[in-house]
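Chain residues, written in single-letter form:
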Amino acid sequence: MDAFVPASRDELYSWLTRFNEVVDSLDSTRLGSIFAKQVRVQFAEVPILEGLDAAQAYFRTLWSSLESMEHEIDAYDMAGDRIYMPCHITWRLQGDDEHEEITVRALSILRISTEGPESGLVYDARFYLDAAPLMSGLNRVAADKSRHHDTEVMDGLDASISSPDRLPAILPMMATPNTLTLSSATFAKLSPHPYLLANLEPSDASIPSARTNGRQPREARSPYVNTSSLSHAHGSAVVRTGDTTVICGIRAETLLTNQIPNYRVQADSSSSSSSTDELRDYDLLVPNIELATGCAPNFLPGVPPTALAQTLSTRVYSLLHSSKLLDASDLRITHTSEDLPPRLADEDEPGVDGEPSQGEVKAYWVLYIDVLFISLDGNPLDAAWASIVAALRDTKLPKAFWDPDREMILCDREASPLSVRGLPIACTAAVFTAKERQQQKKGSGQFWILVDPDRLEESLCNESVTVVVDRSQGQTQIMGLSKSGGTNVGPEVLRRFTAIAEERWEEFRKALA
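Conventions used here
- Residues numbered from 1 in each chain as written.
- Predicted model: local features only at pLDDT ≥ 70, side-chain atom pairs only at ≥ 80, totals over all residues.
- Heavy atoms only, no water.
- UniProt positions renumbered as here; feature names shortened; annotations may be inferred.
- Buried < 20%, exposed > 50% of the residue type's maximum accessible area, 1.4 Å probe, protein only.
- Helix = DSSP H or I, 4+ residues; strand = E, 2+ residues; numbered from the N terminus.
- Pairing = 2+ DSSP bridges.
- Expected span 1.5 Å × (residues − 1).
- Axes fitted to C-alpha atoms, helices over the stretch in contact; angles between N-to-C directions.
- Contact = heavy atoms within 4.5 Å.
- Core = buried A, V, L, I, M, F, W, Y, C linked by side-chain atoms within 4.5 Å.
- Domains from an automatic or database assignment.
- Salt bridge = Lys/Arg side-chain N within 4 Å of Asp/Glu carboxyl O.
- Parallel < 35°, antiparallel > 145°, perpendicular 65-115°, else oblique.
- Left-handed = near helix turned anticlockwise from the far one by under 90°.
- Nonpolar A, V, L, I, M, F, W, Y, C, P; charged D, E, K, R; others polar.
- Phe/Tyr/Trp six-rings, centres within 6.5 Å; stacked < 30°, edge-to-face > 60°.
- Lys NZ or Arg CZ within 6 Å of the ring centre and 35° of its normal.

Looking up the chain in an unreviewed UniProt entry gives the name Ribosomal RNA-processing protein 43, with the organism given as Microdochium bolleyi. Under the UniProt heading Sequence similarities (unreviewed entry), the note attached to the chain is "Belongs to the RNase PH family."

Draft legend 1. Inspection of the pairing of strand β5 (residues 82–93) at higher detail. Most of β5 is tucked away: 10 of the 12 residues are buried. Looking at chain direction, strand β3 (residues 66–73) and β5 are connected through seven bridges and run antiparallel. Counted as the bridge partner of I73 is C87 from β5. Across three bridges, strand β4 (residues 77–79) lies against β5 in antiparallel orientation.

Draft legend 2. Examining helix α9 (residues 380–394) more closely. For α9, spanning 15 residues, the distance from its first C-alpha to its last is 21 Å, which sits close to the expected 21 Å at 1.5 Å a residue. Among the 15 residues that make up α9, 14 are buried, leaving the element largely enclosed by the rest of the structure.

Draft legend 3. Examining the sheet that holds strand β18 (residues 463–470) more closely. Read across the sheet, four strands follow the order β17-β16-β18-β19 without closing on themselves; strand pairing throughout is antiparallel. Each of the sheet's edge strands pairs with one partner strand only, and the pair in question is β17 (447–451) and β19 (477–484). Here the average twist between neighbouring strands, direction ignored, is 20°. In this sheet, β17 lies alongside strand β16 (residues 425–433) in antiparallel orientation, the contact comprising five bridges. Directly across from T433, in β17, lies its bridge partner F447. Across the face of the sheet, α9 comes into contact with β16 and β18 while running at roughly 175° to β16. Relative to β18, helix α12 (residues 491–512) is tilted by about 55°, and along the sheet it contacts β16, β17, β18 and β19.

Draft legend 4. Structural detail: the nonpolar core. Counting 74 residues, the largest nonpolar core has L331, L367, V371, F373, W385, L392 and F497 as its most contacted members. With 10 residues, α9 is the single largest residue contributor to this core. When residues are assigned to domains, this core turns out to be shared by domain 2 (199–219 + 426–512) and domain 3 (223–262 + 274–336 + 359–421), each giving three or more. In contact with L367, other than residues within four places in its own chain, are I250, R251, A252, L284, L285, V286, L326, L331, L392, L397 and L418.

Draft legend 5. Molecular detail of the pattern of salt bridges. Counted by the stated rule, this structure contains 20 salt bridges. In this structure, R218 and E503 form a salt bridge, with 3.4 Å as the shortest nitrogen-oxygen distance. Of the two residues, R218 sits in the loop between α6 (192–200) and β8 (223–227) while E503 sits in helix α12, which places them 285 residues apart along the sequence. By relative accessible area, which is 45% here, E503 ends up partly exposed.

Draft legend 6. Main features of helix α1 (residues 9–24). Look at α1: 22 Å from first C-alpha to last across 16 residues, which is about the 22 Å you get at 1.5 Å a residue. Within the span of α1, buried status applies to L12, W15, L16, R18, F19, N20, V22 and V23. Remark: L26 follows α1 within two positions and exhibits a positive phi of approximately 60°.

Draft legend 7. Local environment of the packing of helix α8 (residues 307–322) against α9. Running from N to C, α8 and α9 cross one another at 45°; their axes reach a closest spacing of 11 Å. Between α8 and α9, the angle falls in the class oblique. With respect to the hand of their crossing, α8 and α9 are arranged in right-handed fashion. Across the interface between the two elements, L308, L312, R315, V316, L319 and L320 from α8 touch P380, L381, W385, I388 and L392 from α9. Of the residues in the contact of α8 with α9, the class split is 10 nonpolar, no polar and one charged.

Draft legend 8. Here's a closer look at the environment of S203. With respect to the helices, strands and loops of the structure, S203 is situated in the loop between α6 and β8. When the C-alpha atoms of S203 and R105 are compared, they prove to be 9.7 Å apart, with 98 residues separating the residues in sequence.

Draft legend 9. Fine view of unusual backbone geometry. Here N379, not a glycine, exhibits a phi torsion of approximately 50°, which is positive. Within the secondary structure layout, N379 lies in the loop between β13 (360–375) and α9. In the Ramachandran plot, D452 falls in the positive-phi region, its phi being about 55° despite a non-glycine side chain. With respect to the helices, strands and loops of the structure, D452 is situated in the loop between β17 and α11 (455–460). Assessed through its relative accessible area of 2%, D452 is described here as buried.

Draft legend 10. Expanded view of the packing of aromatic side chains. All told, the structure shown has nine aromatic pairs when counted by the stated rule. Aromatic pair Y13 and Y76: ring centres 5.6 Å apart, planes at 40°, arrangement tilted. Taken as a pair, Y13 in helix α1 and Y76 in the loop between β3 and β4 lie far apart in primary sequence, 63 residues in all. Judged by its relative accessible area of 30%, Y13 is partly exposed. On the basis of relative accessibility, which here comes to 10%, the residue Y76 falls in the buried class. Among the aromatic side chains, those forming a connected cluster through ring pairs are W15, F19 and F35. Residue placement shows R9 over the ring face of Y76; its charged tip is 4.1 Å from the ring centre.

Quick look at the structure:
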């Protein structure tokens, strides 16, 4: 197959397959089919190889230490003339009596000519990998040969190991103590999916599975809550989980019933269904979520509300009603003569049979719930919902009454806490799959549940699940359940995740205490 410039993802995969086939052949004479005549090849601290002839001579010597080499593509992408290929490389060594397979992760960055007679050929190649396992294998082979007194072979191996210009292919100066490999931060940016997979599925079985942020898969960030943070709000709270920080402020305003177009007198205003209808029909709860400029790199000034902000507002609005956190009876402002201050009360206005009258609803309190993200590092729903719950528990409403003479609502300085029912807490997890490797070979569909995902993990996961639980009454009540994308999360996984949500509820309960 002649060299070509890939124009689609399928063509890019074919181009990389051809490139790896040439390298894995260990035949330096075939390098002319993938490298341009003036190619520059760099292996970290190894001096840059200038030109095709230098590359062929170098690889001809280096590959003499290998019995075979095999590349397995983990992921691939192309931007402009740059091709990125995270992969696994497996070596077998010449003269290895144990026939050990040495596998390491690597990253290749290749720049190809896009026009002219060398179109499709690599004119700049850079390879990054950890050479320590291969170095250890070569040392072991050398030691075995030494024990068998094979001086000739030992001298050949010693020469290949000690000389910088006789190293195996695509190894960045493995024989020197100051090996320069790709840093973790750079690897995470260039190839985030294989980077996270490498942490969750370490090659060493003695190393526990962990995420790139250092947490275990089911470990969440510790929550910190501070209430009464805003002096001019009726209730407020700041919630921080890791690098996600959100502040919620609640302002209450009165709304007269004669200003509600669809207002209707409730026949039985004490029923729970009636309360739910009032909250939703009269829009007594008005949430608004704003992602502040600079809270994350992709939130810029002067742009309209993002889709994420609108989605969060919708989900929070739904949770406020489905969780039954508030009752409309606590937001009603009724009128009876007993409600008036002594100076306004009419002594000639008794109730039926001398008992206090039930009262007429004259107005409602409308709660404007504003949530502002100061910084965002993933899992915005859990943090926003926790800040709303904390702010509602901190809210105090003035004592309000109807003045029939002025036909308006008046308020006393006296304020009483808003009655909040239960403590529903949201727990979200993202589902990470090894999909990049499954494209190359069929696997078992392995996946990991990442509780309280950060921004990097969210970008790599196509499936998420959120469970809202309340254990304030001693038993676990599932107040809400939502799932998006993917097919990995089934009933059994949800049952296990509910147990994790219960632990998360306990963490927030302690933080709110």
